[in-house]
Amino acid sequence: MIDSVTLSTQYIIDVLSRLPLEPLEYCRRWVEVPSDERGYRKACVTALAEATGLSPRTVNDWGPNFDRRPDHVLHVLRMADMLNQIRKIVLPPDYPQK
C-alpha cells in the first residue's frame, strides 16, 4: 500500500516547483541584510547571481526592482529556494556551505 502522506508531500513539492519566484521575493527570503540598510541591493544582486549562475553585472542590468529579468529565472529561483529550504532543514548549522 502506498503511503498517502508521501503522495501528498510529493504532490505539494511538484506544485511548488512549478510556481515562479520573483527576484525580490527570493531576496526577502535569503538575503540576511535588512532591506532598509545600506548594502541590501548589492547583497541581493550577489545572492541572485549565485542562485542563477549569472554574473552580478547581468543581474544588476535587470533594473532596480529586477523587472527586466528573463522569465526562466523565475523557475531557477524557485528551485534555488527549495534547495535552500532543504539545506536549512537537513544540514546542521555548522555544515560548510561552500
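Rules used in this analysis
- Residues numbered from 1 in each chain as written.
- Predicted model: local features only at pLDDT ≥ 70, side-chain atom pairs only at ≥ 80, totals over all residues.
- Heavy atoms only, no water.
- Axes fitted to C-alpha atoms, helices over the stretch in contact; angles between N-to-C directions.
- Helix = DSSP H or I, 4+ residues; strand = E, 2+ residues; numbered from the N terminus.
- Parallel < 35°, antiparallel > 145°, perpendicular 65-115°, else oblique.
- Contact = heavy atoms within 4.5 Å.
- Nonpolar A, V, L, I, M, F, W, Y, C, P; charged D, E, K, R; others polar.
- Buried < 20%, exposed > 50% of the residue type's maximum accessible area, 1.4 Å probe, protein only.
- Phe/Tyr/Trp six-rings, centres within 6.5 Å; stacked < 30°, edge-to-face > 60°.
- Core = buried A, V, L, I, M, F, W, Y, C linked by side-chain atoms within 4.5 Å.
- Salt bridge = Lys/Arg side-chain N within 4 Å of Asp/Glu carboxyl O.

A. Region of the structure containing the packing of helix α2 (residues 23–30) against helix α3 (residues 40–52). Direction vectors running N to C along α2 and α3 enclose 105°, while the axes themselves pass 10 Å from each other. Taken as axis vectors, α2 and α3 run roughly perpendicular relative to one another. Each of P23, Y26, C27 and R28 in α2 lies in contact with α3, whose residues at this interface are Y40, C44, A47, L48 and A51. Here the contact of α2 with α3 is composed, by residue class, of eight nonpolar, no polar and one charged.

B. Region of the structure containing the packing of α3 against helix α5 (residues 72–90). In the contact formed by α3 and α5, the axes pass within 9 Å of each other and the chain directions differ by 90°. It follows that α3 is roughly perpendicular to α5 by the angle criterion. For the pair α3 and α5, contact is made by L48, A51 and T52 and by V73, V76, L77 and A80, respectively. The class makeup of the residues in the contact of α3 with α5 is six nonpolar, one polar and no charged.

C. Molecular detail of the side chain of D81. By the element assignment, D81 lies in helix α5. For D81, a relative accessible area of 0% puts it in the buried group. Each residue touching D81, except ones within four places of it in the same chain, is listed here: L21, Y26, R29 and W30.

D. Quick peek at the packing of aromatic side chains. One pass over the full model with this rule turns up one aromatic pair. Measuring from centroid to centroid gives 6.4 Å for W62 and F66, while their planes differ by 85°, and the two rings are edge-to-face. According to the relative accessible area criterion, W62 is buried, its value standing at 4%. Overall, the relative accessible area of 2% leaves F66 in the buried class.

E. View of the environment of F66. Note that F66 resides in the loop between α4 (56–60) and α5. Separated by 44 residues in sequence, F66 and E22 have C-alpha atoms that sit 8.4 Å apart. Setting aside its immediate chain neighbours within four residues, F66 contacts P23, L24, R41, C44, V45, L48 and V59.

F. Broad picture of the nonpolar core. Among the nonpolar cores identified, the biggest contains 16 residues, and Y26, L48, V59 and F66 are the most heavily contacted of them. Mapped by element, the contributors of at least two residues to this core are α2, α3 and α5. When neighbours within four sequence positions are excluded, V59 is seen to be in contact with V45, L48, A49, T52, L54 and F66.

G. Quick look at the pattern of salt bridges. A complete count under the given rule lists six salt bridges for this structure. In this structure, E25 and R29 form a salt bridge, with 3.1 Å as the shortest nitrogen-oxygen distance. Of this pair, E25 and R29 both sit in helix α2, four residues apart, which is roughly one turn of that helix. Assessed through its relative accessible area of 25%, E25 is described here as partly exposed. A salt bridge links D81 to R78, with the shortest nitrogen-to-oxygen separation between them at 3.5 Å. Residue D81 and its partner R78 are located together in helix α5, separated by three residues, close to a single helical turn. You'll find D81 and R78 in the same group, each marked buried. Each member of the salt-bridge network shares a partner with another, and the members are E25, R28, R29, R78 and D81.

This is a description of form; function is not addressed.
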